Amino acid sequence: MEAVVRKEYMLDGLCCPMCAEKIQKHLRHLDGVNQATVDVSSQKLTLDIHDPENLSAIVAQADKIIRQYEPTIRMSEISPATPGEKILYLAGLDCADCAGKIETRVRHIEGVQAAELDFLAQKLLIRAEDRTLLPAILRQASQLALELEPGIRISFTETEAAPTGANRKQTLRRAGLILGAALFAVGLLFDFPQPLDLVLFLVSFVFVGGEVVGSALRNISRGQVFDENFLMSVA
């Protein structure tokens, strides 16, 4: 079985459908060519060649045939797209629902082949159909992630994603949980007057769930009402 090589070329300046049809018909009878397709709208020529050893000669003949019908056309090869991938580190991502939304929206960016967000590792793997599109895709992905989670820190390396302040933030969060739980226990164990009792429970709630409430309010301001933060705040 003969190996068939597919090559694509831009026909810059092609605007005549009748000429395109004649070129296509002529190229299909060229020695070494299995199939030839000329698309006027995209100005693209696709050649299926079963004699790759004589590729240069076949292309030269094709160029000569094209110029017979359209002398001003410039024929140039379209380089095949090379897939590429990159990881975005999303430090501070603590909302699983938001992570799912980020992953879904990044998948719909033009040129994205796949997007996989690891919530526990706080990293987003993006695969692009063409690696030359990666810079633009990464900018759009970063913007989308910040729209959904404004408090996260985006970087391209794991070291940058873990700043020195991250440990401090985690320590403060744990301290708040412990203090909030302690205040809640005190409110349950001791019989305080009603105003003081209410204040004690409210302060406890702020320490334990303040971050969740803040996320819920930010999401509500962006039109995202019934997410996990809102439901947890109500609970």
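About the criteria used
- The written sequence of each chain sets the order in which its residues are numbered from 1.
- Two thresholds apply to this predicted model, a pLDDT of at least 70 for residue-level local features and 80 or more for giving and counting side-chain atom pairs, whereas whole-chain, interface and lining totals are computed over all residues.
- The basis for every side-chain value is the complete set of heavy atoms in the structure, and neither hydrogens nor water enter the calculation.
- Secondary structure follows DSSP: runs of H or I at least 4 residues long count as helices, runs of E at least 2 residues long count as strands, and numbering of each begins at the N terminus.
- Given a helix with a known number of residues, its expected span is that number minus one, times 1.5 Å.
- Here's how the labels work: a residue is buried when its accessible area is under 20% of the maximum for its type, exposed when over 50%, partly exposed in between, all with a 1.4 Å probe on protein chains only.
- Arc definition: it is the arc formed by the directions from the helix axis to the C-beta atoms.
- Think of it this way: DSSP has to see at least two bridges between two strands before they count as a pair.
- Every angle, taken between N-to-C directions, lies between 0 and 180 degrees, and every axis is a line fitted to C-alpha atoms, over only the stretch in contact when it is a helix.
- The scheme is simple: roughly parallel for angles under 35 degrees, roughly antiparallel for over 145, roughly perpendicular for 65 to 115, oblique for anything else.
- By definition, turning the near helix anticlockwise from the far helix through less than a right angle yields a left-handed crossing, and turning it clockwise yields a right-handed one.
- Any two residues whose heavy atoms approach within 4.5 Å are treated as being in contact.
- Any residue outside Ala, Val, Leu, Ile, Met, Phe, Trp, Tyr, Cys, Pro, Asp, Glu, Lys and Arg is labelled polar, Gly included; the first ten of those are nonpolar and the last four are charged.
- To define a nonpolar core, start from buried Ala, Val, Leu, Ile, Met, Phe, Trp, Tyr and Cys residues and group those joined through side-chain atoms within 4.5 Å.

Here helix H4 (residues 134-148) is 15 residues long and its end C-alpha atoms lie 21 Å apart, about the 21 Å a rise of 1.5 Å per residue gives. Along H4, the residues that are buried comprise Leu134, Ile137, Leu138, Ala141, Ser142, Leu144, Ala145 and Leu148. Projection of H4 onto a plane perpendicular to its axis shows the buried side chains occupying an angular sector of 165 degrees, all on one side.

Spatially, the 4 strands line up as an open sheet ordered E2-E3-E1-E4, and their pairing is antiparallel. In this open sheet, the two strands that pair with only one neighbour each are strand E2 (33-39) and strand E4 (74-77). Across the sheet, the mean angle from the axis of one strand to that of its neighbour is 25 degrees, orientation sign disregarded. As paired elements, strand E1 (residues 5-12) and strand E3 (residues 44-49) share 6 bridges and run antiparallel to each other. Looking at E3, one finds that Tyr9 is bridged to Leu45.

Turning our eyes to something else, we now look at the packing of helix H1 (residues 17-28) against helix H2 (residues 55-69). Across the interface, H1 lies against H2 with an axial gap of 10 Å and an inter-helix angle of 150 degrees. Taken together, the axes of H1 and H2 are roughly antiparallel relative to one another. Judged by the sense of rotation from one axis to the other, the crossing of H1 with H2 is right-handed. Residues Cys19, Lys22, Ile23, His26 and Leu27 of H1 touch H2, and the partners they reach there are Ala62, Ile65, Ile66, Gln68 and Tyr69. Taken together, the residues that form the contact of H1 with H2 break down as 7 nonpolar, 2 polar and 1 charged.

In this structure, Ile102, Val106, Leu124 and Ile126 are the most contacted members of the largest nonpolar core, which totals 21 residues. Looking at this core, the element that brings in the most residues is H4, giving 7 residues. With near-sequence residues (within four places) excluded, Val106 lies in contact with Val112, Ala115, Leu124, Ile126, Ala141 and Leu144. Membership of the second largest hydrophobic core comes to 20 residues, among which are Ala20, Val38, Ile73 and Met75.

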